[in-house]
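Single-letter residue listing:
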Amino acid sequence: MEDRPRVLIVDDTPENIFMLSATLKHGYSLTTATNGAEALKMAAQTPHPDLILLDVCMPDMDGYKVCEILKQTPGCSNIPIVFVTGLSSAEEERVGLAAGAVDYITKPFHPELVKARVNNHIELKRHRDNLEQEVQRRSRELVQATLARTMLENDLRLALKLQLSLLPPARYRSPQQGGCEVATVLRPARAIGGDFYDYLHLSPQKVLFTLGDVSDKGVASALFMVRVVTLLHWLAHTASHPSELLASLNKALCHDNDAGMFVTLGCGLADLEKGEILYASGGHEEPILLTPGQPAQQLKVDGGPALGLYEEASFPAHSWVLKRGQCLVLLSDGVTEANDAAAREFGSERLVESLGFMQECTPTRVVETCLKAVEGFTGGVELSDDLTLMAFQPGSSQRFRWDIECSMEGLAKFTQDLHSSLLSAGCSQDCLHDLDLVSEELLVNTIRYGFPGPQEEAFMEVSLWADAYHVHLVLRDNGVPFNPLEAEEREEDKVGGWGIPLIRSLMDEFDYQRIGDINEITILRREREN
């Protein structure tokens, strides 16, 4: 039968071949060779033998040499070889085993012993072949699984990239005066997640900002997150307050939500001119208010339920007015629930403590400080939930106006008022110092040289406008026309030897225009970034 084990008998004595063939003919498929060269040729043919019975003492090429060559021949190296020999010394057995043989049968041999040994080695060969096939099969499966995992990881990386492309940049600073600054961070616990943040201008002075956390993790939450963000942009211009926006968004999410997905959401609408924040929450973490040099404050917010569960849910309205330099922090529960190696949570109290008493509450610094605190606590433990933060700082503006008496006494009083006003507006010490010098220089020159005649009709006015990034100072007077940008600097015009070069060096912008009978000088000083 073709499926019987194949045995190659190699012997230069016909009687030995006959006896071995007669012993094994009923259980095996037999082939024979009478010398080493013929044996090598037959062993190399496919299908290869399952076992070779090899005589040691043969002319031209002995069994040891044949065995060595077979062990180096591809396809033949794993064929078990049993030496059949009349030699029985220990040294000869050592040489044969060293050459690669698995056993010895000594002449004269006993038929039952030959059958037993051949059967044992055939079985061992069969088990070894099965094991090799299993190893090869599992290796192929491992390669296929690795390839599939690599493709999946690539797909997930692409999905995360596409998901994040729906979100605005992690850092933003609006270009217009009285704008806002935003800093964010989003770290998914898995390849893709359900947390998100968003912000968009509804008008030059109105900015909507949100941070959400979708139920569950992975692909399902990522897809639901895309739906939430899309609906938010669609509905954003239809509501005047975040509470109305969340109500509309909730109704839309409840429709066709057979999977029972939901999202917690914090949503704010900032009036950049007033510094006012309107806010509503749907089951979300309470925001944190930061004030430079003071303890951080977790704001108490009565919120509605998570969105997507109850169609008629309502979301209470809240409002705060942020002073210049204050910052509002929104976060997902992945921040407070971050665990260390002992499975302890970072917690709200630790977060509030880590954000307190910051001297400069710029959004970027706030986010960096929070991340450093969380990472220091967790000590490298992998996130169990998505971690998302948003720090929002409106450039709320303050305006002041003074009518100044055209005298040194009037100037001294104005200087005191200007100093206190700049402090209340939150100006840095460098900015305050520069504006003190420049305004005094300009007004002293106006008092001294702007009114050569009677000063009963003299008029001097100063307007100040400050936001988180700029200070604008506008000086108006009805003195003689004088453009400091075109005038040559005179030694007698300098106060302390500074004059116009001082203004040019300290201010970012310096402009003059004559409007009717009025001189108008506008200067701008930007806050310097550290």
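Preceding this paragraph is the structure being described.
All of the points below concern the structure found in this document.

Cut-off values and rules
- Residues numbered from 1 in each chain as written.
- Predicted model: local features only at pLDDT ≥ 70, side-chain atom pairs only at ≥ 80, totals over all residues.
- Heavy atoms only, no water.
- Helix = DSSP H or I, 4+ residues; strand = E, 2+ residues; numbered from the N terminus.
- Rg over C-alpha atoms; globule rule 2.2 N^0.38 Å.
- Buried < 20%, exposed > 50% of the residue type's maximum accessible area, 1.4 Å probe, protein only.
- Contact = heavy atoms within 4.5 Å.
- Areas by Shrake-Rupley, 256 points an atom, 1.4 Å probe, with all protein chains shown as cover.
- Lys, Arg positive; Asp, Glu negative; His and termini not counted.
- Charge placed at Lys NZ, Arg CZ, Asp CG, Glu CD.
- Salt bridge = Lys/Arg side-chain N within 4 Å of Asp/Glu carboxyl O.
- Pairing = 2+ DSSP bridges.
- Axes fitted to C-alpha atoms, helices over the stretch in contact; angles between N-to-C directions.
- Arc of directions from axis to C-beta.
- Polar contact = N/O pair within 3.5 Å; in protein donor to acceptor, adjacent residues only side chain to side chain.
- Phe/Tyr/Trp six-rings, centres within 6.5 Å; stacked < 30°, edge-to-face > 60°.
- Disulfide = S-S within 2.5 Å.
- Core = buried A, V, L, I, M, F, W, Y, C linked by side-chain atoms within 4.5 Å.

1. What to know about the overall build of the protein
Helix and strand content of the protein: 13 helices and 21 strands. In terms of overall dimensions, the protein is more spread out than a globule: its C-alpha atoms have a radius of gyration of 45 Å, far above the 24 Å expected for 530 residues. The buried share of the protein, reckoned over its 530 residues, is 47%. Here the contacts in the protein between residues at least 6 apart in sequence split such that 68% fall between residues at least 24 apart. About 26,500 Å² of surface is accessible on the protein, with carbon and sulfur atoms providing 53% of the total. Across the protein, 47 positive and 78 negative side-chain charges occur, with their mean positions spaced 7 Å apart.

2. Some remarks on the pattern of salt bridges
Here the structure, examined in full by the defined rule, presents 21 salt bridges. A salt bridge links Lys107 to Asp55, with the nearest nitrogen and oxygen atoms 3.4 Å apart. Placement of the pair is Lys107 in the loop between strand S5 (103-106) and helix H5 (111-165) and Asp55 in strand S3 (residues 51-55), with a sequence separation of 52 residues. Taking the shortest distance from any N to any O, the salt bridge between Glu520 and Arg476 comes out at 2.7 Å. Separated by 44 residues along the polypeptide, Glu520 in strand S21 (residues 518-526) and Arg476 in strand S19 (residues 470-477) bring together distant segments of the chain.

3. Remarks on the pairing of strand S16 (residues 387-394)
Along S16, eight of the eight residues are buried, which leaves the element largely enclosed by surrounding structure. Residues Leu387, Leu389, Ala391 and Gln393 point to one face of S16 and Thr388, Met390, Phe392 and Pro394 to the other, with burial holding for every one of them. Sheet topology note: the strand S7 (residues 180-187)/S16 ladder contains eight bridges and is antiparallel. Paired with Leu186 across the bridge in S16 is Thr388. Taken together, the four bridges between strand S15 (residues 327-331) and S16 define a ladder with antiparallel strand orientation. Its bridge partner lying in S16, Leu330 is registered against Met390.

4. Comments concerning the sheet that holds strand S12 (residues 288-290)
Adjacent strands of a sheet form backbone hydrogen bonds with each other and so pair up, either parallel or antiparallel. Taken in spatial order, the six strands of this open sheet run S6-S7-S16-S15-S12-S13, and their pairing is antiparallel. Strands at the two margins of the open sheet, each flanked by one partner only, are strand S6 (171-173) and strand S13 (297-298). The pairing of S12 with S13 spans two bridges and is classified as antiparallel. Along S13, the bridge assignment pairs Ile288 with Gln298. Taken strand by strand, helix H9 (residues 348-355) contacts S12, S13 and S15, and its axis lies near 15° from that of S12. Packed on one face of the sheet, helix H10 (residues 363-378) meets S6, S7, S12, S15 and S16 and runs near 25° to S7.

5. Observations concerning helix H2 (residues 36-44)
Listed as buried for H2 are Gly36, Ala39, Leu40 and Ala43. Buried residues of H2, viewed axially, fall in a sector of 100°; they line one side. Those residues of H2 that are buried lie in contact with strand S1 (6-10), strand S2 (29-33), S3 and helix H3 (63-71). N-capping of H2 is provided by Asn35, with a side-chain oxygen placed 3.2 Å from the backbone N of Ala37.

6. Here we look at the packing of aromatic side chains
For the coordinates displayed, the defined rule picks out eight aromatic pairs. Residues Trp402 and Phe414 carry aromatic rings whose centres are separated by 5.3 Å and whose planes lie at 80° to one another, so their mutual orientation is edge-to-face. One end of the pair, Trp402, is in strand S17 (residues 398-403); the other, Phe414, is in helix H11 (residues 408-424), and twelve residues separate them in sequence. Of the two residues, Trp402 and Phe414, neither departs from the other in class, the shared state being buried.

7. Examining the state of the cysteines
Under the criterion given, the structure shown has zero disulfides. Among the cysteines around Cys180, which has no disulfide bond, Cys327 carries the closest sulfur, lying 11 Å off. Between Cys361, a free cysteine, and Cys327, which holds the nearest cysteine sulfur, the sulfur-to-sulfur gap is 6.6 Å.

8. Some words on the environment of Ser281
Tracing the backbone through its elements, the reader meets Ser281 in strand S11 (residues 276-282). Non-local contacts of Ser281, meaning those with residues more than four positions away in its chain, are made with Leu246, Leu265, Val301, Gly303, Gly304 and Phe315. Of note is the side chain of Ser281, whose polar atom sits 3.2 Å from the backbone nitrogen of His284.

9. Observations regarding the nonpolar core
Core analysis: the largest hydrophobic core is formed by 50 residues, its most contacted members being Phe196, Phe209, Leu249, Leu328 and Phe392. With seven residues, helix H6 (residues 219-235) is the single largest residue contributor to this core. Core analysis: the next-biggest nonpolar cluster, separate from the first, contains 34 residues, Leu411, Ala466, Leu475 and Tyr512 among them.

10. Let's talk about the environment of Gly36
Along the chain, Gly36 falls in helix H2. A C-alpha to C-alpha distance of 7.6 Å links Gly36 and Val10, two positions 26 residues apart in sequence. Apart from residues lying up to four places away in sequence, Gly36 is in contact with Met58, Met61 and Val66.

11. Some remarks on unusual backbone geometry
The omega torsion across Thr46 and Pro47 is 0°, close enough to zero to call that bond cis. With respect to the helices and strands, Pro47 occurs in the loop between H2 and S3. In this chain, Lys107 is followed by Pro108 through a cis amide linkage whose omega measures -10°. Here Pro108 shows up in the loop between S5 and H5.

12. Some details on the environment of Asn16
One can find Asn16 in helix H1 (residues 14-24). Each C-alpha atom, one on Asn16 and one on Asp55, is 9.3 Å from the other, the two residues being 39 residues apart in sequence. In this view, Asn16 contacts Asp11, Lys107 and Phe109; residues no more than four positions away in its chain are not counted.

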